[in-house]
Amino acid sequence: TLLKSYDDIIKDYLVNGIVEEANNIPEVGCTNYLPHRAVIRNDKETTKVRIVYDASARFKNEPSLNAFLDLGPCLLPFLFDILLRFRTGKIALISDIKQAFLQIEIAPEHRDFLRFLWSDDVYKPDPEFISLRFTRVMFGLTCSPSLLSRTIKAHLEKYLKFDDIKLYIEKLLRNLYVDDSVNSFDSINDCITFYNVAKSSLI
């Protein structure tokens with residue numbers, strides 16, 4: 001059922017530390033609660049149910065959370081250039097970073113802006129609301145794409161000092177669009193080496 005799928009996602013977030021219980025009493029004016037709803041994709045083999053959190057929700061004549069967040073610079077390469085480079089090789093390799101936004105940790109002092117309400121037990125006759133909050137960057141924040149790009153760039157640039165993998169890291173950076181890697185190669189060996197370098201550098 002939809003309720004079970006919804007609850008399972010949130011329980012999984014709790015187990016993996018993506019969200020945590022918000023038991024503290026935050027400072028006045030330093031708290032925000034996010035509305036959320038399910039998006040159902042019957043055309044998907046996996047992840048048929050996704051939870052969407054609305055950081056643009058607001059009361060009448062009041063600003064939303066997104067209104068306070070800076071968009072940040074766009075660090076994405078031109079998609080047209082990526083697609084042109086993609087067509088130059090004989091072998092295609094496409095991948096993405098699993099739950100990319102959720103790999104970036106939020107500082108504890110900022111987590112109360114990312115609270116939401118859920119039930120302590122959805123199967124109880126009289127469930128009680130509990131406060132949860134994100135510990136990681138969530139999709140839907142104005143600044144999320146910029147934070148992701150800057151984090152990935154800073155992380156991968158640490159590997160540029162290694163001469164044996166430098167060219168592969170540069171290729172990964174040049175052809176990474178948000179969390180999607182789109183590359184092509186002229187040999188199987190080159191493709192496999194790139195795959196191994198990309199996977200090990202992003203662990």
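Not measured: the values here are computed from a predicted model.

**Considerations on the pattern of salt bridges**
Here is step 1 of the chain: One pass over the structure, following the stated rule, counts nine salt bridges.
Here is step 2 of the chain: For E105, the salt bridge identified is with R111, shortest N-O distance 3.1 Å.
Here is step 3 of the chain: We classify E105 as exposed; its relative accessible area is 61%.
Here is step 4 of the chain: The class for R111 is buried, based on a relative accessible area of 7%.
Here is step 5 of the chain: As a salt-bridge pair, D112 and R115 come within 2.9 Å of each other at their nearest N and O atoms. Accessibility assignment for this pair places D112 and R115 in one class, buried.
Here is step 6 of the chain: Overlapping salt bridges bring together E20, E105, R111, D112, R115 and R133 as one network.

**Comments concerning the layout of surface pockets**
Here is step 1 of the chain: Considering only enclosed or pocket space, the second largest pocket measures out at about 510 Å³ in volume.
Here is step 2 of the chain: In terms of lining, the second largest pocket is formed by 23 residues, of which the most central are I97, K98, A198, L202 and I203.
Here is step 3 of the chain: When contributions to the lining of the second largest pocket are tallied by element, the ones reaching two or more residues are β4 (91–96), α3 (144–157), β8 (180–185) and α5 (188–201).
Here is step 4 of the chain: For the lining of the second largest pocket, a count of residues per class yields 13 nonpolar, five polar and five charged.

**Focus: the side chain of R133**
Here is step 1 of the chain: Here R133 lies in strand β6 (residues 129–134).
Here is step 2 of the chain: A polar atom in the side chain of R133 sits 2.7 Å from the side chain of E20.
Here is step 3 of the chain: Separated by 2.9 Å, the side chains of R133 and D112 make a polar contact.
Here is step 4 of the chain: Sequence-distant contacts of R133, that is, excluding residues within four places in its chain, are made with I18, V19, E20, A22, N24, P108, R111, D112, L114, R115 and F116.

About the cut-offs
- Each chain has its residues counted from 1, following the order in which its sequence is written.
- Residues qualify for local features only when their pLDDT is at least 70, as the model is predicted, and side-chain atom pairs are given and counted only at 80 or more; totals for whole chains, interfaces and linings, by contrast, use all residues.
- Water and hydrogen atoms were dropped before computing side-chain values, which therefore reflect all heavy atoms in the structure.
- Each salt bridge in this description consists of a side-chain nitrogen of Lys or Arg and a carboxyl oxygen of Asp or Glu lying within 4 Å of one another.
- Only protein chains enter the calculation, and the probe is 1.4 Å; a residue is then buried if its accessible area is under 20% of its type maximum, exposed if over 50%, and partly exposed in between.
- The pocket and cavity definitions rest on a 1 Å grid over protein atoms only: a 1.4 Å probe that fits but cannot leave marks a cavity, an open set with protein on both sides within 12 Å along at least five of seven lines marks a pocket, and residues lining either have an atom within 4 Å of a point.
- Grid points are joined across faces, edges and corners, and a volume is the space filled by probe spheres set on the points.
- Note on conventions: DSSP H or I runs of at least 4 residues are helices, E runs of at least 2 residues are strands, and numbering of each starts at the N terminus.
- Each residue receives one of three labels: charged for Asp, Glu, Lys and Arg, nonpolar for Ala, Val, Leu, Ile, Met, Phe, Trp, Tyr, Cys and Pro, and polar for the others, Gly being one of them.
- Side-chain atoms alone can form a polar contact between residues adjacent in sequence; in general such a contact is a pair of N or O atoms within 3.5 Å, and within protein one must be able to donate a hydrogen while the other accepts it.
- We call two residues in contact whenever any of their non-hydrogen atoms come within 4.5 Å of each other.

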